[in-house]
Number of protein chains: 2
Amino acid sequence: MEHLLDLQKRLIPDVLDIMSSRYRILQSLHFLQPIGRRSLSSHLGMTERVLRGEVTFLSQQGLIQMASSGMYLTENGEAIVKALGTVMKNISGLRNMEKQLEEVLGVSKVVIVSGDSDQYATVKNEMGLACVKEIERALGAINIIAVTGGSTLAAVAEMMHPLRKAHQDLLFVSARGGLGERVENQANTICAKMAEKAEGRYHLLHVPDQLSDESYHSLMEEPSIHRVLQHVHRATIIVHGIGDAKTMAIRRHSGEEILKRVDTEHAVAEAFGYFFDQTGRVIHKVQTIGLQWEDLFGAHSVIAVAGGKSKAEAIQAYCKKGPDSVLITDEGAAQEILKNF
Amino acid sequence: MEHLLDLQKRLIPDVLDIMSSRYRILQSLHFLQPIGRRSLSSHLGMTERVLRGEVTFLSQQGLIQMASSGMYLTENGEAIVKALGTVMKNISGLRNMEKQLEEVLGVSKVVIVSGDSDQYATVKNEMGLACVKEIERALGAINIIAVTGGSTLAAVAEMMHPLRKAHQDLLFVSARGGLGERVENQANTICAKMAEKAEGRYHLLHVPDQLSDESYHSLMEEPSIHRVLQHVHRATIIVHGIGDAKTMAIRRHSGEEILKRVDTEHAVAEAFGYFFDQTGRVIHKVQTIGLQWEDLFGAHSVIAVAGGKSKAEAIQAYCKKGPDSVLITDEGAAQEILKNF
DNA sequence: ACTGTGTGGGACATTTTGAGACCTGTATAG
DNA sequence: CTATACAGGTCTCAAAATGTCCCACACAGT
C-alpha cells in the first residue's frame, strides 16, 4: 500500500499546508522559546495577526503555553515536534529544497516529488501527476501544447486527465519525430495518449527524428508537415524531458563523430535534440524537424520534467542557459544537485 | 512512533472530518457514477453548495471528472478510494462505533480511542488525552472538578495541560479518600497532579476510603473535611473510572462478607465505592466519605473513563442505570461490548 | 526608582472567504 | 421535440479571517 501521507497529499493538500505551517511555528518555538508574537512573526515571515490566530489555537490544543515572558512549548508540544520531525521533512523539507533549487538553477519554479525515480518506478508517475497539475496551471484561452518523448513524458501522459475548463481550446502536438525507440516512449505516441486523456485534439509529426540535409529540406516543403510545424513553433506550453547526453547519443544511433564530440567536449545533457556541456553551452544540435531552440522563448510556459539521481548533472547543465522554465523533478535528483552547493 | 493520524489530529483536529468527508464523496461516486450534484448531495446529506465546493476541489486534484452526464471518478480517484479503504474503515469505523455505543449504552456521548489498553499502555494515555479534551469542553465560568483514583485517572492527570481560559476558576477536589493502594493511583495524588498541570487550585480529602460507622460520623464533623466535602457535593464536573467488581473488592480489602456478596449477587462493576450487577443495580455501597450517588445528578458533566477488553462488562453494567454521562473508552472495550448486539 | 522594550491580550474596523439561492445553457433520454 | 438532469456562472449576505491600535504588565538596564 502507498504511504498514507502520499494519499493525503492528493486528497487534502490544503490541510497539509496548514499542518506544515503549524509545525513550523512549533519548531521555531522549540528553538527560540521563550519568544513573543512580534519577534516570532517576523522570524517566520507571517503577519502578527495570522500568527496570533495560529498561536491561540495551538495553546488551546495544549501544545504551547503563554506566559508574560513569551510563549513556550509544553511537553506535548515538544513531543509533537519530535515525533513529526521525520514526517515533516517529507513535506516542508521538500518545499525548502524547491526554493533552494529555484535559486541555484535560476528557474522560476521547481516542483519536487519525494523519492528517486531511479529506484522506484512509481516516483515517475508522481512527477507525471505534478506535471499535469503544472500544465493545468499554465492553461490559457488558447493552448497549443508541444510534447517530446521519453519514459518520463510517457508517465505524464499516463497521469493525464481531462482538463477542459470553460471553453478552452486544447491542441497537443508532438515536438519531435520518431526515434528508433520503443513505441510507448515516442513523442507521437505520448502526444496522442495525452490528448485523448485530456480530451483535446492532437497533431502528430510523422517524420523520422534524424534527417539528412536533403530529406530535411524536401520534408519541410511537405504541406502536411509544414502545418504541424507551424503549431509547434507557436506552442504556448512546451513539455519536455531532459536526458543524459551519452545515453541519448547512443539511442539516437548517432555517428561515430558525434559520439566522439560528446566525449571530448564533455556533453552531459540532451533535450529535444540539443546537446549541452556542463556550462549549459550547446555542443551539438541534431538536424531535426520539430521543436527549435527559439521556440522555447516564444512559449508562454516551458515545463521540463526529469528525475532520478542519474540525471542530476544533466538537469543542472540544461538549466544553466535554458529558458526560464518550470522544473519538475524528484528528491533523488534534487539532493544530488544540491550536494555541490 | 505514534501513528501519523494521531499526530495530525493534534495539529489539525478536524483533519479526519475533512478527509473522511472527501473520501465519502469519492466512495459514493465510486458506486453511483455518473451522478449529478443534486442527487449526490441529497444522498450524502449535505447541501448542494457545500458539495459543489468539494467537488470542484476534487476535480482540480484530478480525482473526479465532470461531464454533462454527471461526475465520475478518474483512474486516480479510483486508486485513492481503493488505497484509503482500509484506513478509512478504522476512522469512520470508530465513529460509527461511537454512535452505536451511545445508543446501546444510553449515554449522551462516547469517545473511543483506537487500540486496547489491556494490550498497550499508550492507549491509556490516548484515553487520558481524550478525557482532558472532554473536560475542556465542559468548562464553564466556575469549575469544581471532582476526580477519583485508579490507573486510568492517573493517565488523565499525566496528559493534563494548562486549561486556563479567560477568567475561569479551576478547583480540583478528590472525590475519594485514600485506599491502601499505590500512591500514584490515589485520588489525592491524581487530583494534586492534575490541578498543578492544569494550573488550578486543589483540595484533598485526607481520610481513609473505608470507615467504621463511628469514625465516619466523627470525621464528618471535622470542619476541614466538611469544607472539602461541600466542594465535592457541588462539583460541576466529575471524572471517574470504572473498575471490575472483584478486583476492586479485593483491592479495598473488603471483608469476607462483601466478597461473598460480590460473588453471589454477581456484581461486575465498581465506581466510586458503589458495586453494580449486570443490570446496573447497586448491590453494595462502601461506607465512604466522598462522592455520593446523588452528586452525580447535580453535576453539570459526568465523565467516565475506562478501557480495555477486560472492563467491557463493567462499563456496560455501570452505564445501564448510571447518570447521563460522557464515556471515554477504547476500541478493545467497545468491540467487546458491541459483540452482544 | 524609573524608563524602555518586549510580552500577551482585548477591541474594533475591514477585508476576504464561504455558502445559500437562483439562473443559464447544454447534453441526453424518452 | 421536450422534459429532465447536468455543470457552471453570478449575486448576495453573513461569518470568519485579518489588519490595526491600544493597553496593562513584566523585566532589565540605567
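Residues numbered from 1 in each chain as written. Chains lettered and ligands numbered in written order. Predicted model: local features only at pLDDT ≥ 70, side-chain atom pairs only at ≥ 80, totals over all residues. Heavy atoms only, no water.

A. Structural context of the UniProt feature "domain: CggR N-terminal DNA binding" (unreviewed entry) in chain A. Taking the numbering used here, the UniProt-annotated feature "domain: CggR N-terminal DNA binding" (unreviewed entry) corresponds to residues 18-88 of chain A. Segment residues 18-88 of chain A splits into 70% helix and 11% strand. End C-alpha atoms: 12 Å apart. (UniProt positions renumbered as here; feature names shortened; annotations may be inferred. Helix = DSSP H or I, 4+ residues; strand = E, 2+ residues; numbered from the N terminus.)

B. Examining the sheet that holds strand β9 (residues 267-271) of chain A more closely. Residues and elements named next belong to chain A. Reading across from one edge, β8-β9-β10-β11 is the order of the 4 strands in this open sheet, with antiparallel pairing throughout. Of all strands in the sheet, those with a lone pairing partner are β8 (243-244) and β11 (282-285), marking the two edges. Inspection of the sheet shows strand β10 (residues 274-277) paired to β11 by 3 bridges, in the antiparallel sense. Within β11, the residue paired with F275 across the bridge is H284. (Pairing = 2+ DSSP bridges.)

C. Region of interest: the interface of chain A and chain B. The partner chain B presents 40 residues to the 41 residues of chain A that form the contact. Both faces combined, the contact of chain A with chain B buries some 3,300 Å², and carbon together with sulfur accounts for 67% of it. When the buried surface of chain A facing chain B is broken down by residue, A:L4, A:R10 and A:L11 rank first, second and third, together holding 19% of it. At the boundary of chain A with chain B, the tally comes to 2 salt bridges. For A:K197, the salt bridge identified is with B:E75, shortest N-O distance 3.7 Å. If you look at where chain A meets chain B, you find 5 residue pairs in polar contact (both at pLDDT 80 or more). Counting residues per element, the ones that place at least two in the side of chain A that touches chain B are α1 (4-11), α2 (13-32), α4 (48-60), α5 (75-105) and α6 (121-138) of chain A. (Contact = heavy atoms within 4.5 Å. Buried area = accessible area lost by both parts, 1.4 Å probe. Salt bridge = Lys/Arg side-chain N within 4 Å of Asp/Glu carboxyl O. Polar contact = N/O pair within 3.5 Å; in protein donor to acceptor, adjacent residues only side chain to side chain.)

D. Structural context of the sheet that holds strand β9 (residues 267-271) of chain B. All names here are of chain B. Strand order in the open sheet formed by 4 strands is β8-β9-β10-β11, with antiparallel pairing between adjacent strands. Because the sheet does not close on itself, it has two edges, and the strands there are β8 (243-244) and β11 (282-285). Bridge count for β9 against strand β10 (residues 274-277) is 4 bridges, and the pairing is antiparallel. Residue pairing for β10: A269 is matched across the bridge by F276. Against the sheet, helix α14 (residues 312-321) contacts β8, β9 and β10, and its axis sits at roughly 75° relative to β9. (Axes fitted to C-alpha atoms, helices over the stretch in contact; angles between N-to-C directions.)

E. Local environment of the protein's contact with DNA strand C. Taken together, 16 residues form the shell around DNA strand C, and within it A:G36, A:R37, A:S39, A:R52 and B:T47 come nearest. Backbone sugar and phosphate groups make up 54% of those atoms of DNA strand C lying within 4 Å of the protein. A:R38 is positioned such that a nitrogen or oxygen atom in its side chain is 2.9 Å from a base oxygen of DNA strand C. Within the side chain of B:R49, a nitrogen or oxygen atom sits 3.2 Å from a base nitrogen of DNA strand C. Elements that contribute at least two residues to the surface near DNA strand C include exactly α3 (37-44), β1 (64-67) and β2 (70-73) of chain A together with α4 (48-60) of chain B. Split into classes, the residues belonging to the surface near DNA strand C amount to 5 nonpolar, 7 polar and 4 charged. (Near = heavy atom within 4 Å. Nonpolar A, V, L, I, M, F, W, Y, C, P; charged D, E, K, R; others polar.)

F. Looking closely at the nonpolar core. Ranked by size, the top nonpolar core spans 60 residues in total, and within it A:L26, A:I64, A:L84, B:L11, B:L26, B:I64 and B:L84 carry the most contacts. Not counting the four nearest positions on each side in its chain, A:L84 is found in contact with A:Y23, B:L4, B:L7 and B:L11. (Core = buried A, V, L, I, M, F, W, Y, C linked by side-chain atoms within 4.5 Å. Buried < 20%, exposed > 50% of the residue type's maximum accessible area, 1.4 Å probe, protein only.)

G. Representation of the protein's contact with DNA strand D in the model. As a matter of local geometry, DNA strand D sits amid 15 residues, with A:T47, A:R49, B:R37, B:R52 and B:M71 nearest to it. Sugar and phosphate atoms form 52% of the subset of DNA strand D atoms that lie within 4 Å of the protein. At 3.3 Å, a side-chain N or O of A:R49 approaches a base oxygen of DNA strand D. B:R38 is positioned such that a nitrogen or oxygen atom in its side chain is 3.2 Å from a base nitrogen of DNA strand D. Class assignment of the residues belonging to the surface near DNA strand D gives a composition of 5 nonpolar, 6 polar and 4 charged.

H. Structural context of the packing of α5(A) against helix α1 (residues 4-11) of chain B. The geometry of α5(A) relative to α1(B) is characterised by a closest axis approach of 11 Å and an angle of 130° between their N-to-C directions. It follows that α5(A) is oblique to α1(B) by the angle criterion. Judged by the twist between their axes, the crossing of α5(A) over α1(B) is left-handed. Where α5(A) abuts α1(B), its residues A:N76, A:I80, A:A83, A:L84 and A:V87 lie against B:L4, B:L7, B:R10 and B:L11. Of the residues in the contact of α5(A) with α1(B), the class split is 7 nonpolar, 1 polar and 1 charged. (Parallel < 35°, antiparallel > 145°, perpendicular 65-115°, else oblique. Left-handed = near helix turned anticlockwise from the far one by under 90°.)

I. Quick peek at the packing of aromatic side chains. Overall, the coordinates contain 14 aromatic pairs over all chains when judged by the stated rule. Arranged with centres 6.4 Å apart and planes meeting at 85°, the rings of B:F272 and B:Y318 form a pair that is edge-to-face. In this pair, B:F272 sits in the loop between β9 and β10 while B:Y318 sits in helix α14, placing the two residues 46 residues apart along the sequence. Look at B:F272 and you get buried, because its relative accessible area is 2%. Ring centres of B:W293 and B:F297 lie 5.9 Å apart, and the angle between their planes is 65°; on these two criteria the pair is classed as edge-to-face. Of this pair, B:W293 and B:F297 both sit in helix α13 (residues 293-298), separated by 4 residues, roughly a single helical turn. Clustering of aromatic rings is evident, with ring pairs tying together A:F272, A:Y274, A:F276, A:W293, A:F297 and A:Y318. In this arrangement the basic side chain of A:R22 is found over the ring face of A:F57, its NZ or CZ atom lying 3.9 Å from the centre. (Phe/Tyr/Trp six-rings, centres within 6.5 Å; stacked < 30°, edge-to-face > 60°. Lys NZ or Arg CZ within 6 Å of the ring centre and 35° of its normal.)

J. Looking closely at the pattern of salt bridges. Applying the stated criterion to the full structure yields 25 salt bridges over all chains. One salt bridge in this structure joins B:R281 and B:D277, with 3.6 Å as the shortest N-O distance. A relative accessible area of 45% means that B:R281 is categorised as partly exposed. Given a relative accessible area of 8%, B:D277 falls into the buried group. Through salt bridges that share partners, A:E158, A:K193, A:K197 and B:E75 make up one connected network.

K. Seen up close, the environment of B:E214. If you trace the backbone, B:E214 turns up in helix α9 (residues 213-221). In this structure B:E214 comes out as exposed when scored by relative accessible area, which is 67%.

L. Highlighting the relation of the copies chain A and chain B. Note on the copies: chain A fits chain B at an RMSD of 1.1 Å, the axial shift is 0.4 Å, and the rotation between them is 179°. In symmetry terms, the pair is related by a two-fold rotation axis. When C-alpha distances to the rotation axis are compared across chain A, the minimum falls at A:V15, with a value of 2.2 Å. (Least-squares fit on C-alpha atoms with pLDDT ≥ 70 in both.)

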